[in-house]
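Chain and residue survey
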Amino acid sequence: MSVNSLLGIGQSGIFASQSSIQTVGNNIANVDTPGYHRRTVELDEAMSINGNPGQIGTGVLATQVVRSFDQFVENTYNTKASDRDRWNSLNTELKGLDSLFNESNQDGLNAALSGYFSAWNDLAAAPDSYPAREALLSKTQVLTGLLNSADAQMASLQKQTDSYISQDVTTVNDLTTSIAALNKQINEQDIPGVNNVNELYDKRDSLVRQLAEKIDITYVDNGGGNVTILTRAGQPLVDGAERYEIKFEGPKSFNDLTPDSNFDGKINFSGDDDYEYTFQVVQGGSVNSGASAAMMKVSLDGGKTWLKDDDGNTLLVPARPDDGKITVRGLKIWFGTADNSQATPSNDMEVGDTFTVVPKKGLYWYQNTSSFVNITPQTSFTGQADDSRVTGGSLAGYFNFRDDYVGNYRDKLDAFSKTLVWETNRIHSQGAGLDPQSSLSGTYGVDNDAVALGSGASGLAFADKLSSGTSMVYLYDAQSGALVSSAALDFDPSTPGQQNFDPDTNTLQDVCTALNNAFPGKLSAQIVNHRLQIHSADGSKFELGEDTTGLWAALGINTFLDGSNAEDVSFNTNVTQDLAHINAGHVNGAGEANTGDNTTAASIVGLETKNVDILTLQAGKLNETMSSFYNSLVAEVGSDTEQANFNFTYQKALADDLDRRQQEASGVNLDQELSDLIKFQHSYTAAAKLITTADQMIQTLLAIKQ
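Residue indices begin from 1 for each chain and proceed along its sequence in written order. Under the rules for a predicted model, residues below a pLDDT of 70 receive no local features and side-chain atom pairs below 80 are neither given nor counted, while totals for whole chains, interfaces and linings still include all residues. Values reported for side chains reflect all heavy atoms of the structure, with hydrogen atoms and water molecules removed beforehand.

**A closer look at the overall build of the chain**
The helix and strand tally for the chain stands at 12 helices and 31 strands. For a compact globule the rule gives 2.2 Å times the number of residues to the power 0.38, and the radius of gyration it is set against comes from C-alpha atoms. Taken against the 2.2 N^0.38 rule, which gives 27 Å for 706 residues, the C-alpha radius of gyration of the chain at 39 Å runs more than 25% over that of a compact globule. Classification of residues uses two cut-offs on accessible area relative to the type maximum, computed with a 1.4 Å probe and protein chains only: under 20% is buried, over 50% is exposed, and between them is partly exposed. Here the chain holds 706 residues, and the buried ones make up 48% of them. For the chain, contacts bridging at least 24 residues in sequence account for 68% of all contacts bridging at least 6. In this description a helix means any DSSP run of H or I spanning at least four residues, a strand means any run of E spanning at least two, and both kinds are numbered starting from the N terminus. Two residues form a contact once any of their heavy atoms are found within 4.5 Å.

Next comes the structure, spelled out in structure tokens:
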């Protein structure tokens, strides 16, 4: 070991101290920089030289600059951040519904419903009063207006949510593009242990955090830029320098056939809905209207729950040709071939063949331009999220709000409106006003005049309410008001005896024919734009009487209300054009419609406290009063909002704790940095002193020579 080697040792100490001081300075400068993680210089002893009296070191090496970062804590934080932001977006949006269902100001829908029945009660007390009829229309307008407004506001919230989803999808695609680009840079520039690109790592981790806030992810680190980020369900978003796109796109339909199936058709649909439809074949067969038609069950939660009919049995719908579309809720479906939606498929469906219809805008992961996967968040009716789809991040929250919460509320408000319309019309259509009718027009139309009215292919809004039975019609002299004749509709005069209406076989054309056969020359019926019209001849008028089939109410004949859901519920113009046609009375057993009779009005008043069947998607068929049903809906909205707020607070606390743990491991602590700065400053001074000492030793040796 020579004296000169002391200069090298001192130089290495100066370089190591200088590197450490620069790194500490950078930490201090970035103390407030988002996403910056503390860095330190790793020091290692330089090579030692063997000799006498023993091995002597040659100084210090500043080997690499490393950053402090806990990947495990970071992965856990990202998971909790996804859950936190899902509930945050859901909680924020649900709060917007508070005012819509706020009944505390006494001007809500519940008060309007009470006013509606109170107005019918006033009419029952004075059946021939025109002011009472005016008041009834006014109260009804308040009620229907609130229903229309509530539905419109919820539809507006759903549309607004679509814009939030679209923004999030754009953000996710931008983030994955940037992360993939960083992965490429890391692979190009990073030399582990020599040149650690800590800045690029910090930027990538910051972007991954932002990505986790939008969509739930799984992070797989294979070292360097070889990072794979997948949705929690398994679809890759980033794979090294490659990235995959997600899209928010409009209505689609898919086939998922069994391995043995060679069905060559494709499902088509029209209409829109908040739910995704799954049709699964339970009886194989062809696409036709005969006995060999394939039968399918229907699910609105991805097959977790199958819809029931009014009798509590699994709802089955047949496959039909394109001219016989099946109506399921607000959706019409039919099958065509892959190339022609109007052509009939040649091959049969097999049991297990499944068809999916997404009549709303959904979220799709694209592997390439032609191959995509439906990852739209979906929650079953039992409240379980489908883990094969997106389940976290603000995207999941927005979809949950749009489909599972507002969609559910709109469905229940529709069920409430449909029940209100049906129960009122069912009574009113069998009643009589102050004057007999000279003409009546149906407000509900069918898709096909020749299809059985009770079939889903009829397109009739209340097709499922029809039953077998009789429908009475009374004919009066227009001048004297005297009863001329009465008859129950006969649907097959060629067969002896009374042939009653059968919803499984009789069509709108059959109803028209039966009416024309009832009083030839005195009463005529015709079909205009798939709706029934009834006219009496000059000198005659008519009234409709007891109807055990529900036919008059289902066709919108002699009804009080129109529409079948919250969006379109309104008046039947027949009663607004002539208040005398508001039915307070009825035709009695003698065929008389007497002034002062309040039978119909009193029956409608009784609906206020009567338990009625209300069919909802998630709760099934309920039997309770309409007021009780609506109060339950209000309570459900409040409960959902409270639950979302609780879950957000809980998940935020967990995420905050993990973020704190990460900051403890990788954040910049100024006290520690200042302490290190002093330490490295002294190291630098000592190394410089070593060089000075070595110089003095050399000078001493040179002096001896002189």
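**Overview of the pattern of salt bridges**
We define a salt bridge as a side-chain nitrogen of Lys or Arg found within 4 Å of a carboxyl oxygen belonging to Asp or Glu. Enumeration over the complete set of coordinates arrives at 24 salt bridges. Among the ionic pairs, Asp162 bridges to Arg402, the shortest N-O distance being 2.9 Å. Note that Asp162 is positioned in helix H4 (residues 130-189) and Arg402 in helix H6 (residues 393-428), a separation of 240 residues in sequence. Among the ionic pairs, Arg660 bridges to Glu664, the shortest N-O distance being 2.7 Å.

**Details of the sheet that holds strand E25 (residues 531-536)**
Strands are labelled as partners when DSSP assigns at least two bridges between them. Here three strands make up an open sheet; going across it, the order is E21-E25-E24 and the pairing antiparallel. One side of each edge strand has no neighbouring strand; the edge strands of this open sheet are strand E21 (439-441) and strand E24 (523-528). Strand-to-strand, the axes of this sheet are offset by a mean angle of 15°, without reference to chain direction. As paired elements, E24 and E25 share six bridges and run antiparallel to each other. Across the sheet, Leu523 pairs through a bridge with Ser536, a residue of E25. The strands touched by helix H7 (residues 508-518) within the sheet are E24 and E25, with E24 carrying the most contacts at an inclination of about 160°. To get an axis, fit a line to the C-alpha atoms, keeping to the stretch in contact for a helix; angles then go from 0 to 180 degrees between the N-to-C directions.

**Observations concerning the pairing of strand E5 (residues 217-221)**
The pairing of E5 with strand E6 (residues 227-231) spans five bridges and is classified as antiparallel. From the neighbouring strand, Ile217 faces E6, where its bridge partner is Thr231. The hairpin turn running from E5 into E6, its antiparallel successor, is five residues long, and Gly223 in that turn takes a positive phi close to 100°.

**Focus on the nonpolar core**
If you look at soluble globular proteins, the nonpolar side chains tend to sit buried side by side. Here, nonpolar core means buried Ala, Val, Leu, Ile, Met, Phe, Trp, Tyr and Cys residues that are tied together by side-chain atoms lying within 4.5 Å of each other. In this structure, Leu97, Phe101, Trp120, Leu515, Leu532 and Phe560 are the most contacted members of the largest nonpolar core, which totals 88 residues. Counting residues per element, this core draws most heavily on H6, which supplies 11 residues. In this view, Phe560 contacts Tyr116, Trp120, Leu136, Leu137, Thr140, Thr424, Asn425, His428, Phe571, Asn572, Val575 and Ile582; residues no more than four positions away in its chain are not counted. Formed by 32 residues, the second largest nonpolar core is a distinct cluster that contains Val208, Ile217, Ile229 and Tyr398.

**Section: the sheet that holds strand E12 (residues 277-283)**
Judged by pairing direction, the sheet is antiparallel, and its five strands sit side by side in the order E10-E17-E12-E13-E14 without closing on themselves. Each having just a single partner strand, strand E10 (252-256) and strand E14 (316-318) make up the two edges of the open sheet. In this sheet, neighbouring strand axes are inclined to one another by 30° on average, regardless of whether the strands run parallel or antiparallel.

**Details of the packing of aromatic side chains**
Each aromatic ring pair is described using two quantities: the centre-to-centre distance and the angle formed by the ring planes. Each pair of aromatic rings taken from Phe, Tyr and Trp, with Trp reduced to its six-membered ring, is defined by centres within 6.5 Å and is described as stacked if the planes are under 30 degrees apart, edge-to-face if over 60, and tilted in the remaining cases. Following the criterion strictly, the structure yields 22 aromatic pairs and no others. Ring plane angle 85° and centroid distance 6.5 Å describe the contact between Tyr116 and Trp120, whose orientation is recorded as edge-to-face. Highlighted residues: Tyr116 and Trp120, both in helix H3 (residues 109-125), separated by four residues, approximately one helical turn. By relative accessible area, Tyr116 is classed as buried at 0%. Among the residues examined, Trp120 registers a relative accessible area of 0% and is labelled buried. Centre to centre, the rings of Phe335 and Phe355 are 5.1 Å apart; their planes meet at 70°, and the pair counts as edge-to-face. Highlighted residues: Phe335 in strand E16 (residues 331-337) and Phe355 in strand E17 (residues 354-358), separated in sequence by 20 residues. Of the two residues examined, Phe335 and Phe355, each falls in the buried class.

**Let's talk about the environment of Lys252**
Mapped onto the fold, Lys252 is located in strand E10. Residue classification places Lys252 among the buried positions, given a relative accessible area of 18%. Between the C-alpha atom of Lys252 and that of Ile267, which follows or precedes it by 15 residues, the distance is 9.9 Å. Apart from the residues within four sequence positions on either side, Lys252 is in contact with Phe269, Thr356, Val357, Val358, Tyr364, Tyr366 and Phe372. Here Glu249 takes part through its side chain, which lies 3.1 Å from a polar atom of the side chain of Lys252. N or O atoms closer than or at 3.5 Å make up a polar contact, with two conditions inside protein: a donor-capable atom paired with an acceptor-capable one, and, for residues adjacent in sequence, both atoms drawn from side chains.

**Some details on the side chain of Ser286**
Within the fold, Ser286 resides in the loop between E12 and strand E13 (295-299). Excluding residues within four positions of it along the chain, Ser286 makes contact with Ser292, Ala293, Ala294, Ala319 and Asp348.

**Thoughts on unusual backbone geometry**
A positive phi is found at His530, a non-glycine position, where the angle reads about 65°. Along the chain, His530 turns up in the loop between E24 and E25. According to the relative accessible area criterion, His530 is partly exposed, its value standing at 36%. Even without being a glycine, Asn558 presents a positive backbone phi close to 65°. Mapped onto the secondary structure, Asn558 falls in the loop between helix H8 (551-555) and strand E27 (561-562). Residue Asn558 is classed as buried on the basis of its relative accessible area of 1%.

**Considerations on the environment of Thr327**
Structurally, Thr327 can be placed in strand E15 (residues 326-328). For the pair Thr327 and Phe629, spaced 302 residues apart in sequence, the C-alpha to C-alpha distance is 26 Å. When sequence neighbours within four positions are dropped, the list of residues in contact with Thr327 reads Lys332, Asp447, Gly456 and Gly459. Among the polar contacts made by the side chain of Thr327, one reaches the side chain of Lys332 at a distance of 3.2 Å.

**Brief notes about the layout of surface pockets**
Site definitions follow a grid-based scheme: protein atoms alone, a 1 Å grid, a 1.4 Å probe that fits but cannot get out for cavities, and for pockets an open set with protein on both sides within 12 Å along at least five of seven lines, plus lining residues having an atom within 4 Å of a point. Grid points are joined across faces, edges and corners, and a volume is the space filled by probe spheres set on the points. Estimates place the volume of the second largest pocket at around 380 Å³. The wall of the second largest pocket is formed by 16 residues, among which Thr379, Ser380, Gly383, Gln384 and Tyr405 lie closest to the centre. Breaking the lining of the second largest pocket down by element, the ones donating at least two residues are helix H2 (71-95), H6 and helix H11 (626-666). The element that contributes the greatest number of residues to the lining of the second largest pocket is H11, accounting for four residues. When residues are grouped by polarity, Ala, Val, Leu, Ile, Met, Phe, Trp, Tyr, Cys and Pro land in nonpolar, Asp, Glu, Lys and Arg in charged, and all others, Gly among them, in polar. Residue composition of the lining of the second largest pocket, grouped by class: four nonpolar, eight polar and four charged.

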